[in-house]
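# What the coordinates show
Listed here are the chains, written in short residue letters.
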Amino acid sequence: METKIRKIDKNQIDETVIREAGDILKAGGLVAFPTETVYGLGADALKEEAALKTYAAKGRPSDNPLIVHIAEYEDLKKIAVNIPAETDILAAHFWPGPLTMIFEKSAAVPYGTTGGLDTVAVRMPSDPVARELIRAAGGFVSAPSANTSGRPSPTTAEHVAEDLDGKIDMILDGGAVDIGLESTILDMTVTPPMILRPGAITAEMFEELIGEVSVDETLLGDESKKAPKAPGMKYRHYAPRAKLLIVEGDLREEILAIRQLAYAAHREGRRIGVIATAETLPFYKYGVIKNIGTRENEKTIARSLYRVLREFDEEDVETIYSESFAVQGMGKAIMNRLEKAAGHLRISAAAVVKQQRYRRITFVSRTDSARAPMAAEILRQYELKQEYVVDSRGLVVLFPEPANQKAEAIMKSARMTLGDHVSRQFGEENLQEDTLILTIDENQKNKILSEYGTGYNVYTLNEFVGDSTEIPDPYGQPLTAYGECFEVLRGLVKKLAEKLDSLVEEGL
Ligand code: AMP
Ligand code: MG
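Residues numbered from 1 in each chain as written. Chains lettered and ligands numbered in written order. Predicted model: local features only at pLDDT ≥ 70, side-chain atom pairs only at ≥ 80, totals over all residues. Heavy atoms only, no water.

### Quick notes on the packing of helix α14 (residues 405-413) against helix α17 (residues 479-505)
- Relative to each other, α14 and α17 sit at 60°, their axes nearing to 9 Å. With respect to α17, the axis of α14 lies oblique. Handedness of the crossing formed by α14 with α17: right-handed. Here Lys406, Ala407, Ala409, Ile410 and Met411 of α14 lie close against α17, whose contacting residues are Leu479, Tyr482, Gly483 and Phe486.
- Taken together, the residues of the contact of α14 with α17 break down into seven nonpolar, one polar and one charged. (Axes fitted to C-alpha atoms, helices over the stretch in contact; angles between N-to-C directions. Helix = DSSP H or I, 4+ residues; strand = E, 2+ residues; numbered from the N terminus. Parallel < 35°, antiparallel > 145°, perpendicular 65-115°, else oblique. Left-handed = near helix turned anticlockwise from the far one by under 90°. Contact = heavy atoms within 4.5 Å. Nonpolar A, V, L, I, M, F, W, Y, C, P; charged D, E, K, R; others polar.)

### Focus: the UniProt feature "domain: YrdC-like" (unreviewed entry) in the protein
- The sites that carry the UniProt feature "domain: YrdC-like" (unreviewed entry) are, in the present numbering, residues 15-201.
- The span residues 15-201 shows a helical share of 30% and a strand share of 21%, and its end C-alpha atoms are spaced 31 Å apart. (UniProt positions renumbered as here; feature names shortened; annotations may be inferred.)

### Side note on the packing of aromatic side chains
- Taken as a whole and assessed by the stated rule, the structure comprises six aromatic pairs.
- Aromatic side chains Tyr459 and Phe464 sit 5.2 Å apart centroid to centroid with 50° between the ring planes, which places their arrangement in the tilted category.
- One aromatic cluster is present, built from ring pairs that chain together Tyr358, Tyr459 and Phe464.
- We note Arg366 situated over the ring of Tyr475; from NZ or CZ to the ring centre the distance is 6.0 Å.
- Just above the ring of Phe464 sits the side chain of Lys499; from NZ or CZ to the centre is 4.4 Å. (Phe/Tyr/Trp six-rings, centres within 6.5 Å; stacked < 30°, edge-to-face > 60°. Lys NZ or Arg CZ within 6 Å of the ring centre and 35° of its normal.)

### A short note on helix α9 (residues 251-267)
- Taking 1.5 Å per residue, 17 residues should reach 24 Å; α9 reaches 24 Å between its end C-alpha atoms and fits that length.
- Those residues of α9 that fall on the buried side of the exposure criterion are Glu254, Ile255, Leu256, Ala257, Ile258, Arg259, Gln260, Leu261, Ala262, Tyr263 and Ala265.
- After α9 finishes, the residue Gly269 shows a positive phi value of roughly 75°. (Expected span 1.5 Å × (residues − 1). Buried < 20%, exposed > 50% of the residue type's maximum accessible area, 1.4 Å probe, protein only.)

### Comments concerning the pairing of strand β16 (residues 319-322)
- Burial along β16 is two-sided: Thr319 and Tyr321 facing one way and Ile320 and Ser322 facing the other are all buried.
- Pairing between strand β13 (residues 243-248) and β16: four bridges, direction parallel. Within β16, the position partnered with Leu244 by the bridge is Ile320.
- Of the strand pairs in this sheet, strand β14 (residues 272-276) and β16 are connected by four bridges, and their pairing is parallel. (Pairing = 2+ DSSP bridges.)

Structure, rendered in structure tokens:
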């Protein structure tokens, strides 16, 4: 089948396109269209055969019910019976919008649409394209997410085409959606009403209006233990091709754990992905790192989640590690989708984070312009058993300066560079518990000890590696002196690398 793709602008809706799409739906065909949550795969909700086609196109199990989309509130009465009184209040506040409510179904709704259930899920979307299409199709459009069953839901028309091109009649391309996660589902057939799927409208928002609501306790739990009340929620959903693991702990621990996992994978030549946020992005170095949004505004995370999961499919990674998110407000919906995408695979950050004696190695010279930055750059060439932040400082740095030109010339001849180096003053902030301070000579060590006291990890480089070779000071001398200094540093740093790895082996 050829899938027609029609662009449509929600601010200036082309009626002929809507009519064409509406006619396809009336004739029992399938049209994907934008809504404010995700793209939906529309079919005539009152036709049994249309529902069957929907299941076939999505490859979706037919016991997974569809949501019926309406454009006028009065239409609810045609498809639902025994509608409880609170419905008016909820509809007045949240319709049109990202809320689906479940009612007892009327005889007008075929069992094909409800997956064999006597209840029907109903939503009134706010996207103008969706509403015009529903009207043009006769008022009742069933629309599950327009993706292949199990894949991340589509938030752009391109995502729809990736999954359904050639399987449906038409795609209305209205650009990227606004919310990015499916609607909140509230079961109105029980008292108090129960949230079956978290979304942009939260329990707190319901409770302000109608008092207590309950939450299906299987939502964030392990699905093997108990069947969720919303049938579709039992399947692994939204899944990228790679294995997805959610790393849980406090954020600092999560970052450390992901860094260690990514570093280990890098050493073993495995390609992995990292789901990071704007705030944590700078902490990661290895693997395919994707920014999913900012923690300051969870809406940005909701909007990018499915796109990021899909993008990983193109990256050919074997495992994706994700940070976790607060389970409040929109965060609840985000974690619910992420957990489903992960098939509930989580790991505790605390269990992963190895107690590492040193995480940072800081070389200290007088001016941080030649010897300390050279030593740091030589050490960075080693693939050590653990990852360290390696840097350098000077005891007398009057203002930031690039590296000494002769030092740089020597480094270049050894295929390294100090091109990015800027000298920095040593200070108390460098004396952390997890930092190994290695000075170039005895003077610098003594100066630090007399200024800041003992109790820190301060050694001369040759003392730490157990080699008494002095590091010469080439300052003001010809290039050859820098060359000799480099050779001494190279020998000592090689021993340092061995010593660091042996500490790891001893579990220190
Ligand atoms: P989707 O259309 O892809 O967002 O999926 C619709 C989801 O709504 C299904 O997977 C179910 O979890 C839920 N749903 C639809 N109808 C019912 C119903 N009658 N009772 C309970 N859950 C429903
Ligand atoms: Mg879906």
